[in-house]
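Residues per chain, in single letters:
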Amino acid sequence: MALHTVTLSILCLILPILFNQNVDAAAVISIDLGSEWMKVGIVSPGVPMEIVLNKESKRKTPAVVAFRDDVRTFGEDAVTVGVRFPKNSYKYLLDLLGKPYDHPLVQEFRAKFPYYEIVASERGTPEFVHDENTRYSPEELIAQLLAKAKDFAEISHGQQITECVITIPGYFNQAERRAMKEAAALAGLNVLQLINDYTAIAINYGIFRRKEINDTAWQALFFDMGAMSTKAALVEYKTVKIKDKGYVDTVPQLQVLGVGYDRTLGGLEMTLRLREHLIKAWESSGGGDVRASPRAMEKLLREAERLKIVLSANNEHYAQIESLLDDKDFKHLVTRSEFEALCSDLWPRVSGVIQRAVSGWSVGRLVVAGGASRVPAVQNALREVGLEPSRSINADEAATMGAVYRAASLATGYKVASLNVRDAVVLPIQVVFNRHVDGNDKLDEIKRTLFGPMNSYPQKKVITFNKHTEDFSFNVNYAELDHIPSNELKNIGSLNLSHVVLTGVSEALTKNSGDNVEHKGIKAHFNLDDSGILNLVNVEFVAEKTVTEEEDKDSTLSKIGSTISKLFGSDSELPEKVEDKPEEKAPETENKESAKVNETSTDKQNATETDSKPKPKIVVMKEPIKSEEQILNQLPMTPEQFKNSKTKITILDNVDKKRIERETALNNLEAFVVDVQLKIGMDEYAECGTEEEIEEIRKMCSETSDWLYDDGYDAETEMYEGKLNKLKEKANPIFYKHWEHRERPDAIAAIRNLLNSSKDFLKMSKNFTKESNSERDVFTEVEITVLEKKIEETETWLQKSIEEQKAMKKNEDVKLSVDSIREKMASLDREVKYLLNKMKIWKPKKPIKKEENKTETVVEPEEKEVNENSEVNNDEKDKESDAEVPQIGDADGDDTVEHSEL
């Protein structure tokens with residue numbers, strides 16, 4: 001019922017949301033890639049936002065990829081492979097992205113799943129050893145999952161997909177976010193945005209409550225417990241005024257105020273503890289060493305997951321596994337109280353996540369999402385905090401639908417209802433550099449916060465170095481992390497992000513020195529984009545020169561002369577192409593629109609002059625500074641490494657494509673053979689062919705069937721297609737004759753009905769001719785004759801063709817085909833519709849009134865006027881003609897112009 005309500009709401013909302021779609025707009029998707037499940041949303045022209053179904057027609061797919069016998073499988077098929085061959089099935093991959101091999105979370109993964117062989121790659125990242133010749137990185141495996149999500153959408157909607165929005169955990173650091181974008185690029189997807197999962201949920205919640213958002217701010221707390229982690233985000237909704245293209249508009253806005261998370265608190269941890277309980281129960285019964293069998297451990301993990309779900313609605317349930325180990329079955333009763341006792345230390349951590357997110361704010365609503373949040377003990381832990389959980393959204397699909405809304409707003413060709421989104425920084429970023437202080441020879445380390453905790457983004461910031469006169473360098477690191485729990489600090493990884501070296505500083509200062517020139521320092525421009533990824537945009541030296549009006553004129557004339565000489569000079573004299581730079585803003589505007597960080601707080605301008613004196617003009621001079629940035633944490637792929645990974649995935653895709661083509665050809669051949677054998681055994685089909693033809697087809701089917709089950713099972717695609725075509729050449733003529741004999745009676749009945757209705761229409765039409773009724777001369781005698789002749793010809797042809805067909809055997813070539821009947825019907829129908837349309841537009845003629853006493857007086861001047869002023873009379877006739885047909889428009893052509901514009 002809840003799902004039905006949400007679907008109806010989306011359909012109602014789609015009218016204003018996608019009000020102005022471009023018919024040429026391409027479909028875009030959202031991918032909610034979790035640790036356990038993957039959901040895909042899509043929006044395309046003329047189609048509302050919806051969830052994409054997989055090949056099993058399910059709304060979510062296990063985020064698992066498996067390899068076995070050169071066959072790659074995904075989803076449920078991969079899970080099935082994983083039960084028998086756990087090492088060949090890869091899952092829970094999200095926490096391995098963007099991490100070095102020695103990262104604590106990577107080592108925890110190895111402990112949870114000991115049957116995987118994981119080694120360090122050339123970049124120092126973890127890699128799965130699949131066999132002696134093949135290794136897979138987490139980026140490559142996740143890229144294959146993303147490509148499969150893309151494939152689901154393309155098959156479902158028949159359109160090529162290139163753009164997407166992907167949900168990620170809000171605690172992802174810079175390396176993890178870059179790794180996800182690399183995986184998407186490997187999958188052939190252009191990422192419009194990496195959106196935090198709690199932000200996507202908040203968007204989905206807000207778009208259905210637009211009427212509740214006004215200038216009075218209100219907050220909602222979103223709690224999301226998934227398989228691997230738990231997140232909570234406090235979000236504020238209110239309307240704000242935004243200036244866009246010169247206009248100020250009031251739009252609803254959501255802004256993230258606080259975030260709390262626990263990377264190791266999730267449904268998987270509960271499942272693992274329940275599995276450990278089952279292992280001890282098995283060992284206590286003398287079942288043997290189950291830990292030594294990866295297959296048995298995987299069976300126990302699946303059963304523990306099922307048991308956890310059942311215990312959310314029942315007080316007790318039996319765990320049952322057939323042939324767990326050495327053909328021994330396992331059965332054990334587990335109660336909910338036992339399960340909650342196993343996880344007793346987890347429940348208090350729920351309140352810790354909530355408290356870090358709220359951080360002193362008042363909360364009016366608690367909205368719950370995520371599959372693991374359905375556990376009763378989690379619900380009780382939320383109530384102990386003083387909040388009543390509300391499931392007013394679809395817990396599984398809220399993030400997917402919020403992300404696809406965001407995708408539509410970012411993609412070209414869609415106009416969605418405005419919703420301003422302001423996310424918040426979880427891991428603050430600072431700039432660290434060295435400089436001499438107070439004439440000291442000793443270098444002091446200076447730290448300046450670039451993006452503080454809970455700063456909104458996307459946002460651009462500039463840091464000014466105004467005391468450096470020589471080449472120097474600075475580091476970009478994570479800032480103070482006092483708001484992060486101590487147990488989470490180790491999961492962040494390296495705190496150093498990048499090292500930036502600036503060269504050419506002294507040359508820039510020397511080049512831009514002189515009278516009336518004031519140096520404003522070296523400015524480094526940073527951008528924290530929609531995906532939460534920090535980018536160093538550019539570095540430049542900025543100076544200001546004060547010039548008089550005479551100097552300004554001389555400078556202007558000099559520039560014009562220089563430009564003209566270069567235009568008519570040689571190619572070597574042309575100026576180098578320089579990228580557009582953002583305009584330098586006044587100090588007040590910079591403080592309002594872009595927060596700038598300065599080395600000192602004394603860099604201000606307070607120039608005042610009297611109105612009577614002319615103000616000198618200030619010219620801003622900029623000089624690019626060369627910068628080299630070195631990544632200090634997890635290195636991204638080199639172009640060569642990216643190419644190799646792309647080639648590896650492309651080979652797998654081609655193998656899958658060929659395998660699917662071969663399987664399809666094999667299935668088509670098998671199905672056709674069975675269909676032909678079944679049909680030619682029926683009399684109604686057998687009588688449509690000669691005995692020799694039927695016997696030949698039987699023989700071909702028998703030979704093909706024997707070949708398929710012997711040598712043909714491993715044949716190539718072309719062999720299957722060739723045998724199918726040969727069999728169709730023999731069988732299709734018989735199937736065609738059977739179809740003709742089966743459909744002919746209905747076709748004959750249809751044409752006879754048309755003939756009867758045409759005769760009735762003809763009979764009626766004869767009363768609307770000039771000869772039969774002068775006041776209703778709708779049709780001419782020629783038109784009546786043509787229709788009458790057409791009816792007679794059709795009747796004669798039909799009767800003759802029926803007699804000829806009856807005289808023939810069913811296995812002979814068809815004389816009276818269904819297509820020929822349709823052609824005759826179409827020809828007759830055209831004649832009838834012509835007359836029928838003529839009747840619809842016919843109007844009776846207006847009677848001409850005559851005044852008997854003035855007949856002679858009126859006629860004589862008219863004849864004279866016609867003879868002497870024929871041109872004038874013709875114009876008047878034209879005017880009368882125009883008046884009778886007003887649809888044509890005025891003579892000046894105004895109507896024609898309007899039609900052209902429309």
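Residues numbered from 1 in each chain as written. Predicted model: local features only at pLDDT ≥ 70, side-chain atom pairs only at ≥ 80, totals over all residues. Heavy atoms only, no water.

- In the nomenclature of an unreviewed UniProt entry, the chain is known as Hypoxia up-regulated protein 1 of Danaus chrysippus.
- Turning to the chain, the UniProt record has this under Sequence similarities (unreviewed entry): "Belongs to the heat shock protein 70 family."
- Looking at the chain in UniProt, the text filed under Subcellular location (unreviewed entry) is "Endoplasmic reticulum lumen". (UniProt positions renumbered as here; feature names shortened; annotations may be inferred.)

1. Structural notes on the pairing of strand S5 (residues 65–68)
- Across 4 bridges, the pairing between S5 and strand S6 (residues 71–74) is antiparallel. Among the inter-strand pairings, Arg 68 is bridged to a residue of S6, identified as Val 71.
- Counted along the chain from S5 to the antiparallel partner S6, the turn is 2 residues long, and its residue Asp 69 has a positive phi close to 55°.
- Where S5 lies against strand S7 (residues 89–90), 2 bridges are found, and the strand directions are antiparallel. Opposite Val 65, over in S7, you have Tyr 90 as the bridge partner. (Pairing = 2+ DSSP bridges. Helix = DSSP H or I, 4+ residues; strand = E, 2+ residues; numbered from the N terminus.)

2. A closer look at the pattern of salt bridges
- Tallied over the entire structure, the rule returns 47 salt bridges.
- Lys 58 serves as the salt-bridge partner of Glu 76, at 4.0 Å between the closest nitrogen and oxygen. Pair noted here: Glu 76 is in helix H2 (residues 75–84) and Lys 58 is in the loop between strand S3 (47–51) and strand S4 (61–62), with a separation of 18 residues, a long-range link.
- Using a relative accessible area of 27% as the deciding quantity, one classes Glu 76 as partly exposed.
- For Arg 291, the salt bridge goes to Glu 283, with nearest N and O atoms at 3.4 Å. (Salt bridge = Lys/Arg side-chain N within 4 Å of Asp/Glu carboxyl O. Buried < 20%, exposed > 50% of the residue type's maximum accessible area, 1.4 Å probe, protein only.)

3. Comments concerning the sheet that holds strand S8 (residues 118–120)
- An order of S8-S9-S10 is seen for the 3 strands of this open sheet, with the pairing classed as antiparallel. Two strands lie at the open edges of the sheet, namely S8 and strand S10 (135–136), each paired on one side alone.
- Two elements, strand S9 (residues 126–129) and S10, share 2 bridges in a ladder whose sense is antiparallel. Bridging across to S10, Val 129 finds its partner in Arg 135.

4. Notes on the UniProt feature "coiled-coil region" (unreviewed entry) in the chain
- UniProt's entry tags residues 811–838 with the feature "coiled-coil region" (unreviewed entry), counted in the numbering of this structure.
- What you have in residues 811–838 is 75% helix and 0% strand, and the ends, taken at the C-alpha atoms, are 46 Å apart.

5. Some details on helix H22 (residues 818–841)
- An ideal rise of 1.5 Å per residue puts 34 Å on 24 residues; H22 measures up with 34 Å between its terminal C-alpha atoms.
- Among the residues making up H22, those that are buried are Val 818, Ser 820, Ile 821, Ser 827, Leu 828, Val 832 and Leu 835.
- The secondary structure elements touched by the buried residues of H22 are helix H20 (717–765) and helix H21 (781–806). (Expected span 1.5 Å × (residues − 1). Contact = heavy atoms within 4.5 Å.)

6. Some points on the side chain of Ser 498
- Here Ser 498 lies in strand S25 (residues 496–503).
- Polar side-chain contacts of Ser 498 include one of 3.2 Å to the side chain of Glu 629.
- Setting aside residues up to four positions removed in sequence, Ser 498 forms contacts with Phe 474, Asn 475, Val 476, Glu 629, Gln 630, Ile 631 and Leu 632. (Polar contact = N/O pair within 3.5 Å; in protein donor to acceptor, adjacent residues only side chain to side chain.)

7. What about the packing of aromatic side chains?
- One pass over the structure, following the stated rule, counts 28 aromatic pairs.
- Measuring from ring centre to ring centre gives 4.7 Å for Phe 67 and Tyr 136, while their planes differ by 10°; the resulting arrangement is stacked. With Phe 67 in strand S5 and Tyr 136 in strand S10, this residue pair connects regions lying 69 residues apart in the sequence.
- Taking relative accessible area as the criterion, Phe 67 reaches 6% and is therefore assigned buried.
- With 5.0 Å between their ring centres and 50° between their planes, Phe 109 and Phe 113 make a pair best called tilted.
- By relative accessible area, Phe 109 is classed as buried at 4%.
- Of the aromatic side chains, those joined through ring pairs into one cluster are Phe 67, Tyr 90, Tyr 92, Phe 109, Phe 113, Tyr 115, Tyr 116, Phe 128 and Tyr 136. (Phe/Tyr/Trp six-rings, centres within 6.5 Å; stacked < 30°, edge-to-face > 60°.)

8. So, the sheet that holds S6
- Here 3 strands make up an open sheet; going across it, the order is S6-S5-S7 and the pairing antiparallel. One side of each edge strand has no neighbouring strand; the edge strands of this open sheet are S6 and S7.
- On the sheet, H2 packs against S5, S6 and S7 and is oriented at approximately 115° with respect to S6.
- Against the sheet, helix H17 (residues 639–680) touches S5 and S6, its axis set at about 95° to S6. (Axes fitted to C-alpha atoms, helices over the stretch in contact; angles between N-to-C directions.)

9. Observations regarding the nonpolar core
- With 139 residues, the main nonpolar core has Leu 33, Leu 146, Met 180, Tyr 237, Phe 474, Ile 522 and Phe 526 as its most contacted residues.
- Membership of the second largest hydrophobic core comes to 44 residues, among which are Phe 223, Met 225, Ala 304 and Leu 346. (Core = buried A, V, L, I, M, F, W, Y, C linked by side-chain atoms within 4.5 Å.)

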